[in-house]
Amino acid sequence: MKIEESNIVETNDYRVIIYPASRPFETKEAKAITEKLFDFLSTWAAHGKPLSSSFKIEKNQFIVVCVDEEKEMASGCSIDALGKVMREIDEEYTLGLFDRMKASFVENGEMKTLKLIDFKTKLRNGELSNDIQVFDFSKNTYLDFLSHFLLPLEKSWAGSIK
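How each quantity is defined
- Residues numbered from 1 in each chain as written.
- Predicted model: local features only at pLDDT ≥ 70, side-chain atom pairs only at ≥ 80, totals over all residues.
- Heavy atoms only, no water.
- Salt bridge = Lys/Arg side-chain N within 4 Å of Asp/Glu carboxyl O.
- Buried < 20%, exposed > 50% of the residue type's maximum accessible area, 1.4 Å probe, protein only.
- Helix = DSSP H or I, 4+ residues; strand = E, 2+ residues; numbered from the N terminus.
- Contact = heavy atoms within 4.5 Å.
- Phe/Tyr/Trp six-rings, centres within 6.5 Å; stacked < 30°, edge-to-face > 60°.
- Lys NZ or Arg CZ within 6 Å of the ring centre and 35° of its normal.
- Pairing = 2+ DSSP bridges.
- Axes fitted to C-alpha atoms, helices over the stretch in contact; angles between N-to-C directions.

Novice: Summarise the pattern of salt bridges; cite the residues concerned and give the values.
Specialist: For the coordinates displayed, the defined rule picks out 10 salt bridges. Measuring nitrogen to oxygen at the nearest pair gives 3.6 Å for the salt bridge that ties Lys122 to Glu127. By relative accessible area, Lys122 is classed as partly exposed at 29%. Here the salt bridges do not stand alone but share partners, grouping Lys36, Lys84 and Glu88 into one network.

See below:
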């Protein structure tokens, strides 16, 4: 399974786990993360059965891991193993991958990330344009990720912040 740019219409709805960093990756970090995840996923298994999985670094700030659970279900232990590798990456590069109290958005074509409380305050005070696009880290299927990961403010989870 490969989840790169493609003209192929996806029909399998893979399980997706999104790890949002608090900042963009440096080139050397992205390369090291790619190597570490490639090595891990090549041996990732659930109860001794290999998992059909892949990953991509999206927008140079989000690590998106997919697993085809139609072939083999990821178990609690296998998800824990992935979490362990991701924590190692997080600790090594101080990325904030497990900090869910942040918001990432695109404003005037530029990626930005703020602490959630600051994001909400800026929205309420009108310091952020209504033209921003907001990322949703909660997507858990690949088809949902493809169509709803980045949405205009009014259609996103942040559209109801007043």
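Novice: Residues and numbers for the environment of Lys115, please.
Specialist: Tracing the backbone through its elements, the reader meets Lys115 in strand 7 (residues 110-115). According to the relative accessible area criterion, Lys115 is exposed, its value standing at 58%. Discounting residues that sit within four places of it in the chain, Lys115 has contacts with Met101 and Lys102.

Novice: So what about the environment of Glu26? Which residues, and what values?
Specialist: Topologically, Glu26 is positioned in the loop between strand 1 (15-20) and helix 1 (27-43). What makes Glu26 partly exposed here is its relative accessible area of 43%. With 55 residues separating them in the primary sequence, Glu26 and Ala81 have C-alpha atoms 25 Å apart.

Novice: Explain the packing of aromatic side chains to me, using residue names and the numbers behind them.
Specialist: Counted by the stated rule, this structure contains 11 aromatic pairs. Judged by centre distance (5.7 Å) and plane angle (40°), the ring pair of Phe40 and Trp44 falls under tilted. According to the relative accessible area criterion, Phe40 is buried, its value standing at 15%. Aromatic pair Phe119 and Trp157: ring centres 5.8 Å apart, planes at 45°, arrangement tilted. Taken together, the residues span a long stretch of sequence, with Phe119 in helix 3 (residues 116-124) and Trp157 in the segment after strand 9 (150-152) at a distance of 38 residues. Ring pairs connect the aromatic residues Tyr14, Phe62, Phe135, Phe137, Tyr142, Phe145 and Phe149, which therefore count as one cluster. Stacked on the ring of Phe98, the Lys or Arg Arg87 has its end atom at 4.8 Å from the ring centre.

Novice: Which residues make up the sheet that holds strand 6 (residues 102-107), and what are the values?
Specialist: Strand pairs in the sheet, formed through backbone hydrogen bonds, run parallel or antiparallel to each other. The strand order 7-6-8-9 describes an open sheet built from 4 strands, whose pairing is antiparallel. What marks the edges here is a single partner per strand, and that holds for strand 7 and strand 9. Neighbour-to-neighbour, the strand axes of the sheet open up by a mean angle of 30°, direction not taken into account. The sheet contact formed by strand 6 and strand 7 spans 6 bridges and is antiparallel. Within strand 7, the residue paired with Val106 across the bridge is Met111. Relative to the sheet, helix 3 contacts strand 6, strand 7 and strand 8 (133-135), its axis offset from that of strand 7 by approximately 110°.

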